[in-house]
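Structural characterization, general
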Amino acid sequence: MKNIIIFGAPGSGKGTYSAEIASRYGMGHISTGDVLRAEIKNGTELGRIAQGYIDNGQLIPDELMIDILASKYDSMPAGQGVIFDGFPRTIAQAEALKTMLAQRGHDLGMMIELIVGEDVLMERLLRRAKLEGRADDNEETIRKRFAVYHAQTEPLSRWFADEGIRHTFDWSICKTKEGMLDAIFKEIEKQNA
Ligand code: AMP
């Protein structure tokens with residue numbers, strides 16, 4: 001399977017769709033947010049550094065993220081394809097990912113962009129705050145994460161389009177999770193045919 005980069009704003013469903021894709025096609029799944037939250041939970045040095053950024057809705061510095069990502073990628077089973085969930089989030093991370101993969105004789109594969117309006121995103125994130133109790137899912141931090149997304153991450157959409165690998169899926173058109181999944185699975189199968 002080709003590698004997949006899942007791209008979208010906070011609350012767009014990256015984690016949910018990644019899990020569905022991973023289980024359907026037996027792919028590896030790297031969620032950088034989950035990796036960082038596990039480090040925090042285990043009280044590691046990396047977790048201590050990450051916590052300050054996460055609680056403020058800021059991004060962890062690129063060099064640190066790139067190292068974490070590369071070592072995680074090398075620990076995945078070979079040949080099954082990997083889903084990158086929450087990485088890259090900056091142009092520098094995207095360039096570094098492309099280089100890291102090329103050094104291993106691999107490529108970016110395909111990018112899947114989830115497009116969801118901000119009112120729906122806010123509603124979902126506040127609901128998740130109640131259900132999962134994520135420390136960074138409060139309204140103030142969510143607003144900061146949206147601002148960081150628009151400033152640092154959204155421009156990457158164009159970068160992927162220029163690479164010729166961007167595929168967009170719009171919640172307002174698909175309307176349901178099943179509708180989104182159906183369209184996403186069709187595109188993945190087309191790209192791997
Ligand atoms: P997520 O679970 O993907 O929403 O990530 C939660 C938080 O972890 C983000 O708000 C960032 O503080 C941090 N984080 C996750 N992935 C990255 C990344 N690729 N680059 C920088 N920071 C990240």
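One can find the structure itself at the top, above this paragraph.
Everything quoted here is computed from the prediction, not taken from an experiment. Counting from 1, residues in each chain are numbered in the order their sequence is written. With pLDDT at 70 or above as the cut-off, local features in this predicted model cover only qualifying residues; side-chain atom pairs require 80 or more to be listed or tallied, and sums for whole chains, interfaces and linings still use all residues. Note that water and hydrogens are dropped before the side-chain values are worked out from all heavy atoms of the structure.

Moving on, we get to the environment of Ser-172. For helices the rule is a DSSP run of H or I covering at least 4 residues; for strands it is a run of E covering at least 2, with both sets numbered from the N terminus onward. Relative to the helices and strands, Ser-172 resides in helix H9 (residues 171-174). Placed 52 residues apart in sequence, Ser-172 and Val-120 show a C-alpha to C-alpha distance of 10.0 Å. Within 3.5 Å is the distance limit for a polar contact, defined as a pair of N or O atoms, with the added protein rule that one can donate a hydrogen and the other accept it, and that residues adjacent in sequence qualify only through two side-chain atoms. In terms of polar contacts, Ser-172 uses its side chain to reach the side chain of Asp-170, at 2.8 Å.

For Phe, Tyr and Trp, rings pair up if their centres lie within 6.5 Å, where Trp contributes its six-membered ring, and each pair is then called stacked (planes under 30 degrees apart), edge-to-face (over 60) or tilted (otherwise). For the structure on display, the rule yields 5 aromatic pairs. Between Tyr-25 and Phe-185, the aromatic rings sit 5.8 Å apart at their centres with planes inclined by 80°, giving edge-to-face as the arrangement. Of this pair, Tyr-25 sits in helix H1 (residues 14-25) while Phe-185 sits in helix H10 (residues 177-192), and the two are 160 residues apart along the sequence. When sorted by exposure, Tyr-25 lands in the same class as Phe-185, which is buried. Residues Trp-159 and Phe-160 carry aromatic rings whose centres are separated by 5.1 Å and whose planes lie at 85° to one another, so their mutual orientation is edge-to-face. Relative accessibility under 20% of the residue-type maximum defines a buried residue, over 50% an exposed one, and the middle range a partly exposed one, all with a 1.4 Å probe and only protein chains included. The exposure class assigned to Phe-160 is buried, which follows from its relative accessible area of 0%. Taken together, the aromatic side chains of Phe-7, Tyr-149, Trp-159 and Phe-160 make up a single cluster linked through ring pairs. Between the NZ or CZ atom of Arg-24 and the centre of the ring of Phe-185, over which it lies, the distance is 4.1 Å. Distance and angle both matter: a charge sits over a ring if NZ of Lys or CZ of Arg is within 6 Å of the ring centre and within 35 degrees of the ring normal. Sitting above the plane of the Trp-171 ring, Arg-124 keeps its charged end 4.6 Å from the centroid.

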